[in-house]
Amino acid sequence: MDTKARRRNDVEVGDEGEDLVLATLIANGDDLSPLVRHAFEMGRPEGLLRQLHYVVKKKEAEIEEMCKMHYEEFILAVDELRGVLVDAEELKSELQSDNFKLQQVGTTLIVKLDELLESYSVKKNVTEAIKMSKNSIQVLELCVKCNNHISEGQFYPALKTVDLLENSYMENIPAKALKKVIEKRIPAIKLHIEKKVCSQVNEWMVHIRSSCKFIGQTAIGHAASVRQRDEEMLEKKRKADEQNIPVAEDQAYTLDVVEVDEDSAMKFDLTPLYRACHIHSCMGILEQFHQYYYKNRLLQLNSDLEVSSAQPFVESYQTFLAQIAGYFIVEDRVLRTAGGLLLPDQVETMWETAVAKMTSVLDVQFSHMNSATHLLLVKDYVTLLGSTLRQYGYEIGPLLDVLDNSRDKYHLLLLDECRKQTVEVLGSDSYEQMVIKKDIDYENIVLAFSLQISDIMPAFPYVAPFSSMVPDVCHIVRSFIKGSVDYMSYGVRTGYFDVVRKYLDKFLIEVVNDTLLDTINSGSVTVSQAMQIAANITALERACDFFIRHAAQQCDVPVRSVEKNQASLTAKVLLNNTRGSAYIKLLRLVNTKIDEYMTLTESVNWTSEETKPNGNDYMNEVIFYLDSLMSTAQQILPLDAMYKVGTGALEHISNTIVAAFLSDSVKRFNANAVLSINNDLKMLENFADDRFYSATTGLDEIYKESFKSCLKEARQLINLLSSSQPENFMNPVIREKNYYALDYKKVATICDKFKDSPDGIFGSLSNKSTKQSAKKKSMDVLKKRLKDFN
């Protein structure tokens, strides 16, 4: 029992301590949740409940004790409350009466107040409605204004109105339906404006494309005018240089590069393009428009670069090239003034595309052309195109390269055309000396091509040493030089004189010289024609110096430098060789003609019983022909040529005389025949001396060997046959002095044929049965020695 009581006491003591703690916490208003959680976590909720009950009981005891201590005060307070209650009831009655009265008065006021509030609400709504209406009216006015701008094509004000609606009024539009409609229409309006602007740009592109041809033609025409003026200045300068006229400083001819004045040369309107750029910039889609413009203009360029096969290129090249020139003039203006609408790289790409196509077209068309004139016309227009576009900064090198690559084709065509003209000129020439009647004709025919022999103006009428072929050929050569220079000028080359000289040389060699050779070698040339051709070639050789000077002048190369460098033409050497061929042909024809007269085997009586003191008849005809031949040669041929003709003809006659003695048809001849031929030979020698020593020819002042020396073989043979001591021929000293032109084999053959009658000078040589005379012995001795020599 004691133990249990002790334990209970301990628990009570412990519980009492815990109750105090719990009571303190409750009194302080502290949170009891940690104690409750701890009790449950420790598995002792019963103890906590007991403690709470203990606290409650303890508090109740405290309250009861408190009430006992203040009982009297509480009774007094209750009494006072009762008194207050009575007063309250009275106050309540008064309040109810006052309230009733107040309610009676306030009901009217409340009605009025409700009416006032309702009026205020109406006013507020009306005010809001008016404000909303004003906003809506402003919005609708802007919409109307925007519509008017669009209908009038004023897209920029329309866009500004749309931006104003979108940025300043859209949030304040009270009507949701109106706001919804406007929100829906704004993108449509912008799209409509964009389409209209693009439509205007498309119309502008169509218009500017149709105008590009005129723009290009105008610019190229301006370049052609500048070139024409420069050429006129150069021509004046050339004439001044030719005449050695000093050029005053204020009259100096200069080649100033004149820039193309766009305002005066051409006018085209870019306003639609500028407007479109501005509007697209305002819409924030400028880059999109840039791509749109570049793409469509590139498509137009590709279309312009297509060459129509329905029309020959020589008829359409100007339109084709002018269209391209106008296109890039427009694009240059767009690049410089449209505020970045085109980039330099884009323009360069378009130009490279155009150049590639143009070079391809020109290569193909040049290869198909068969006329030098057509090729030159196209080349000239291409260079004008290049000159025009180069002023706008475009690189034209590839175009000039195409022209440079086609120069051989052009000159080949030019050679063919000039060859036809040359063949026609030579074929239609009468090969008669030209008769010039006026000094103006002399200047245009002779002086114009430096064909004069003397600087002294001749008396008129003047008989020129050449035929009409020479000035005609000179005109053709000069036109060839002009054609060559025209093609080479304004191209990729600057110093092209050497190239022009090369083609000039080629023309003179392959056309003029070869045509002359063909004419010479043809079988239809007569003696007079061959002589005239030789004289013509001499004149053409003299004209070669003029050709080279003229080419230098046309190429703006100082003639002094050409003369100083002794620039010459290979053709001049070949023409000299051709002239030699003409002389050979002439001598052949002369010899053939002489052979027609020199029919010695038929005309001479080789065993005549008497001698003809005046010679044979054929010799008169030969001398008459030679006289005519030499007279003509003296008029048209130079002295060296005339000398060659004379010596050649006389040598041929000499050879013909010797050949007659050697001919198989002459079986024997006697002294009379020898004397007759000796008389013929004397007549010929007299003619030769007269011609050679004539004061009009002056041959004796130049040449040592006379015409007579050309007859030496025939003369020495006749002298030998007429000699009283023919055996002296075997004496080396005598032979070297008197018979050096004779061949001992020919002499042996001829001596075997020399027979004579007993009464003749060498009659004993042909009759062995008679007594041999001294002369016959000498001839026999000669024959024997000749046989021994063989």
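Identification of the protein as Exocyst complex component from Crotalaria pallida is taken from an unreviewed UniProt entry. As recorded by UniProt, the Sequence similarities (unreviewed entry) comment attached to the protein reads in full: "Belongs to the SEC15 family." Comment text from UniProt for the protein, heading Function (unreviewed entry), reads "Component of the exocyst complex involved in the docking of exocytic vesicles with fusion sites on the plasma membrane during regulated or polarized secretion. Involved in polarized cell growth and organ morphogenesis. During cytokinesis, involved in cell plate initiation, cell plate maturation and formation of new primary cell wall."

**Q** Can you walk me through the overall build of the protein in this structure?
**A** If you tally the helices and strands in the protein, you get 28 helices and two strands. Counting every position in the protein, which comprises 790 residues, the buried fraction comes to 40%. In the protein, once contacts between residues fewer than 6 apart in sequence are set aside, the share between residues at least 24 apart is 77%. Carbon and sulfur atoms provide 53% of the accessible area of the protein, an area that totals close to 44300 Å².

**Q** What is the right way to read the packing of helix H24 (residues 671–692) against helix H25 (residues 712–722) from this model?
**A** When two helices pack together, you describe them by how their axes are tilted relative to each other and by the distance separating the axes. Look at H24 against H25: their axes get within 10 Å of each other, and the N-to-C directions meet at 145°. Helix-helix and strand crossings are classified by hand; for H24 and H25 the assignment is left-handed. Only Ala714, Arg715, Ile718, Leu721 and Ser722 of H25 make contact with H24, whose side of the interface consists of Val674, Ile677, Asn678, Leu681, Lys682 and Glu685. Along the lines of polarity and charge, the residues of the contact of H24 with H25 split into six nonpolar, two polar and three charged.

**Q** Explanation requested: the environment of Ala582 in the structure shown.
**A** By the secondary structure assignment, Ala582 is in helix H20 (residues 570–597). Under the relative-accessibility criterion, Ala582 is labelled buried at 1%. Taking C-alpha positions, Ala582 is 8.1 Å from Leu517, a pair spaced 65 residues apart along the chain. Dropping the residues within four chain positions of it, Ala582 is found in contact with Ile520, Ala530, Ile533, Ala534 and Ile537.

**Q** Is there a simple way to explain the nonpolar core in this structure?
**A** Most often, soluble globular proteins keep nonpolar side chains buried together rather than apart. Ranked by internal contacts, the top residues of the largest apolar core, which has 201 residues, are Met358, Leu637 and Phe661. If one sorts the elements of this core by residue count, helix H18 (residues 527–554) sits on top with 16 residues.

**Q** Help me understand the packing of aromatic side chains, please; the structure alone is not making it clear to me.
**A** The geometry of an aromatic ring pair is captured by the separation of the ring centres together with the interplanar angle, meaning the angle of the planes. For the coordinates displayed, the defined rule picks out 26 aromatic pairs. Measuring from centroid to centroid gives 5.0 Å for Trp351 and Tyr394, while their planes differ by 45°, and the two rings are tilted. On the criterion of sequence distance, the pair formed by Trp351 in helix H11 (residues 344–368) and Tyr394 in the loop between helix H12 (372–390) and helix H13 (397–405) is long-range, its members being 43 residues apart. Overall, the relative accessible area of 2% leaves Trp351 in the buried class. Exposure remark for Tyr394: the relative accessible area of 8% places this residue in the buried category. Ring centres of Tyr442 and Tyr462 lie 5.5 Å apart, and the angle between their planes is 85°; this geometry places the pair in the edge-to-face category. In this pair, Tyr442 is assigned in helix H15 (residues 439–445) and Tyr462 in strand E2 (residues 462–463), connecting sequence segments 20 residues apart. Classification of Tyr442 as buried rests on a relative accessible area of 3%. The exposure class of Tyr462 is buried, given its relative accessible area of 15%. Ring pairing ties together the aromatic residues Tyr643, Phe692, Tyr693, Tyr703 and Phe707, which thus form one cluster. Between the NZ or CZ atom of Lys379 and the centre of the ring of Tyr487, over which it lies, the distance is 5.7 Å.

**Q** How should I be thinking about H24 in this particular structure?
**A** Each α-helix winds once per 3.6 residues, and so residues spaced three or four apart point in a common direction. Taking 1.5 Å of rise per residue, the 22 residues of H24 would be expected to cover 32 Å, and the 31 Å separating its terminal C-alpha atoms lies within 8% of that figure. Backbone nitrogen of Asn672 and a side-chain oxygen of the N-cap are separated by 3.2 Å at the start of H24; the cap is Asn670.

Cut-offs and rules
Along each chain, numbering runs from 1 in the same order as the chain's sequence is written. Only residues with pLDDT of at least 70 are given local features in this predicted model, and only at 80 or more are side-chain atom pairs given and counted; all residues enter the totals for whole chains, interfaces and linings. Each side-chain value is derived from all of the structure's non-hydrogen atoms; neither hydrogens nor water enter the calculation. UniProt positions are given in the numbering used here, feature names are shortened, and annotations may be inferred rather than shown by experiment. Strands here are runs of E lasting at least two residues and helices are runs of H or I lasting at least four, both read from the DSSP assignment and numbered beginning at the N terminus. For every residue, the accessible area (1.4 Å probe, protein chains only) is compared with the maximum for its type, and the residue is labelled buried under 20%, exposed over 50%, or partly exposed between those bounds. Any pair of residues with heavy atoms lying within 4.5 Å of one another is described as a contacting pair. To be clear on the numbers: accessible area is Shrake-Rupley with a 1.4 Å probe, and residue cover counts the displayed protein chains and nothing else. Fitted lines through C-alpha atoms serve as axes, helices being fitted only where they are in contact, and the angles separating the N-to-C directions of these axes extend from 0 to 180 degrees. By the definition used in this description, the sense in which the near helix is turned from the far one sets the handedness, with an anticlockwise turn below a right angle giving left-handed and a clockwise turn giving right-handed. Only Asp, Glu, Lys and Arg are considered charged, only Ala, Val, Leu, Ile, Met, Phe, Trp, Tyr, Cys and Pro nonpolar, and every remaining residue, Gly among them, polar. The set of buried Ala, Val, Leu, Ile, Met, Phe, Trp, Tyr and Cys residues whose side-chain atoms join them within 4.5 Å is what this entry labels a nonpolar core. Only centres within 6.5 Å qualify two rings of Phe, Tyr or Trp (six-membered ring in Trp) as a pair; their planes then separate them into stacked at under 30 degrees, edge-to-face at over 60, and tilted for everything else. Here, over-ring charges are defined by two tests on the NZ atom of lysine or the CZ atom of arginine: distance to the ring centre within 6 Å, and angle to the ring normal within 35 degrees. To estimate the expected span of a helix, count its residues, drop one, and scale the result by 1.5 Å. N or O atoms within 3.5 Å of each other form a polar contact, as long as, within protein, one can give a hydrogen and the other can take it, and as long as residues adjacent in sequence are counted only when both atoms are side-chain atoms.

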